[in-house]
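Coordinates in review
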Amino acid sequence: MFSTKSLHSFHLSSDVKHLAEINSITDLANMQELTNNGEFIVIGEGSNTIFIDDYMGTLILNKLVGIELTENSDFYNVSVGSGNNWNEFVLWCLSNNINGLENLALIPGTVGACPIQNIGAYGVEVKKFIASVEYVDLKTGKASVLDNQSCNFSYRDSVFKHELKDNVFITKVNFSFAKHWQPQLAYAPLNSLENPTAREIYNKVCEVRTLKLPDPKIVGNAGSFFKNPIVSNEKATKLIAEYTDIPNYEYSQNSKKIAAGWLIEHAGLKGFRLGNVAVHDMQALVLTNKTGNANGSELIELASHVMMKVYDKFGITLEPEVRFVGKHGEVKFSEIDQNVYG
Ligand SMILES: Cc1cc2nc3c(=O)[nH]c(=O)nc-3n(C[C@H](O)[C@H](O)[C@H](O)COP(=O)(O)OP(=O)(O)OC[C@H]3O[C@@H](n4cnc5c(N)ncnc54)[C@H](O)[C@@H]3O)c2cc1C
């Protein structure tokens, strides 16, 4: 058995039975016997994945790197190996005068994971720049390419969490950046910047993120633990009438996105601690492995407590954004046995 503590950013104490590293497409082809006969999970840097128990299958670690750039008169086209680190890729773009990803500065993880939950921050989602995603089906060995439309991107969601969940290994993400760049400054604190360069936006985002979010290298966490809930306009109007300062953003014609961190904070839970785990005291949307010694059951107990308190106060059911891995693979929060984990 191998410890998963350093393989996921929440750093819970749990073990995995087997580990395999993918450094080339040939390594992937050689995995097929294993993937046809045993349990496996693909992982990047584990910043959106929490091992709540020992995992009895094989953890496949992605180390496929490489970047290729081509351009035409209007666009830069960049093809990126899925194992590249996301923030290093953002910096690579900036140093090549390719703008667009600066709002997504400092998001932990790999390039290969970015389409899976359509990562987003400060008013920008990565779907805007993804031309296509290349993957290999781990059961059949077949390589395929999906264009942007076929990825079915939406808020923290894509086809890779549904029809293509579990069996695919994303090998490359192909990006397209318009040479005519428009800064995205709708979200505070970027809206106070005047004619910023992309580098200035990058620096501002880094400054704010560093202040608000715990560094997973120091305090285990997985970023936003819950998604921002989407509620009907009717429900939003009632909430806004009662809580005039509740942050809300139009999501569709009929619905609004409400800030989950605000709900948790106003349910009185900012800084709340339960044994080794806690609600972060600078940003209530983040749960942390406060002492570094937490286990899965404590975390599930805290997450359940947060969900219950928010439901009791606002009538809204929070949904985890993070992904949980149990003994035999990914488990939905609703399927986790509360008698075992909390
Ligand atoms: C401090 C902190 C801040 C964060 N801030 C943000 C934020 O602002 N916005 C945001 O959207 N997210 C944020 N996150 C979440 C996280 O960074 C992203 O979801 C990131 O894309 C995860 O990358 P990863 O390589 O660590 O994925 P992992 O956790 O390793 O994997 C995530 C999921 O994708 C699957 N997967 C990973 N790689 C592949 C592949 N190559 N092929 C097939 N499946 C794969 C895994 O099986 C798993 O289900 C934050 C996390 C932390 C810790």
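Since the structure is predicted, the reported quantities are computational estimates derived from the model, not experimental observations. (Residues numbered from 1 in each chain as written. Predicted model: local features only at pLDDT ≥ 70, side-chain atom pairs only at ≥ 80, totals over all residues.)

**Digging into helix α4 (residues 198-212)**
Stated precisely, the cut-off is as follows: For helices the rule is a DSSP run of H or I covering at least 4 residues; for strands it is a run of E covering at least 2, with both sets numbered from the N terminus onward. Residue count minus one, scaled by 1.5 Å, sets the expected span of a helix. Exposure is read from a count of other C-beta atoms within 10 Å of each residue's own; the residue is exposed at 12 or fewer, buried at 20 or more and partly exposed in between. C-beta atoms are placed from the backbone. The arc in question is the one spanned by the directions pointing from the helix axis to the C-beta atoms. By the convention adopted here, residues are in contact when the distance between their C-beta atoms, placed from the backbone, does not exceed 7 Å.
In a regular helix each residue adds 1.5 Å, so 15 residues correspond to 21 Å; α4 covers 21 Å between its end C-alpha atoms and thus fits that length. Considered for burial, the residues of α4 that qualify are A198, I201, Y202, K204 and V205. Down the axis of α4, the buried set is contained in an arc of 165°. They therefore lie on one face. Exposed side chains of α4 directed beyond 90 degrees from the buried face belong to T210 and L211. Of the surrounding elements, those touching the buried residues of α4 are α3 (86-95).

**Overview of the sheet that holds strand β12 (residues 168-178)**
Test applied: The rule for pairing is simple: two strands pair if DSSP sees at least two bridges between them. To obtain an axis, a line is fitted to C-alpha atoms, over the contacting stretch when the element is a helix, and the angle between two such axes runs from 0 to 180 degrees between their N-to-C directions.
With antiparallel pairing, five strands are arranged side by side in an open sheet as β6-β7-β12-β10-β11. Only two strands of the sheet have a single partner each, and these edge strands are β6 (67-71) and β11 (143-147). Mean inter-strand twist for the sheet, computed between neighbouring axes without regard to direction, equals 20°. The sheet contact formed by strand β7 (residues 75-81) and β12 spans seven bridges and is antiparallel. Residue pairing for β12: Y76 is matched across the bridge by F177.

**Concerning the domain arrangement of the protein**
As a reminder, the rule being used: Note that the domain bounds reflect an automated or database-derived domain assignment.
Under the domain assignment used here, the protein contains domain 1 (2-62), domain 2 (67-205) and domain 3 (214-335). For domain 2 versus domain 3, the separation of C-alpha centres amounts to 25 Å.

**Let's talk about the nonpolar core**
Let me state the cut-off plainly: By convention the nonpolar core is taken to be a set of buried residues drawn from Ala, Val, Leu, Ile, Met, Phe, Trp, Tyr and Cys and joined through C-beta atoms within 7 Å.
In terms of nonpolar packing, the biggest core is built from 89 residues, with I50, I264 and L299 touching the most fellow members. Here I264 is in contact with L269, V279, A284, L285, V306 and V310, once residues within four sequence places are set aside.

**What about the environment of P189?**
In this fold, P189 is placed in the loop between β12 and α4. Judged by C-beta crowding, with 12 C-beta atoms within 10 Å, P189 ranks as exposed. For the pair P189 and K204, spaced 15 residues apart in sequence, the C-alpha separation works out to 8.0 Å. The residues contacting P189, other than those within four sequence positions of it, are K204 and V208.

**Brief notes about the site of the ligand**
As a reminder of what qualifies: Nearness between a residue and a molecule or strand is assessed with a C-beta atom placed from the backbone; a distance within 6 Å qualifies. The nonpolar class holds Ala, Val, Leu, Ile, Met, Phe, Trp, Tyr, Cys and Pro. Asp, Glu, Lys and Arg form the charged class, and all remaining residues, Gly among them, are polar.
Lining the immediate surroundings of the ligand are 33 residues, of which G44, G109, G112, A113 and G223 lie closest. For the shell around the ligand, the residue count by class is 16 nonpolar, 15 polar and two charged.

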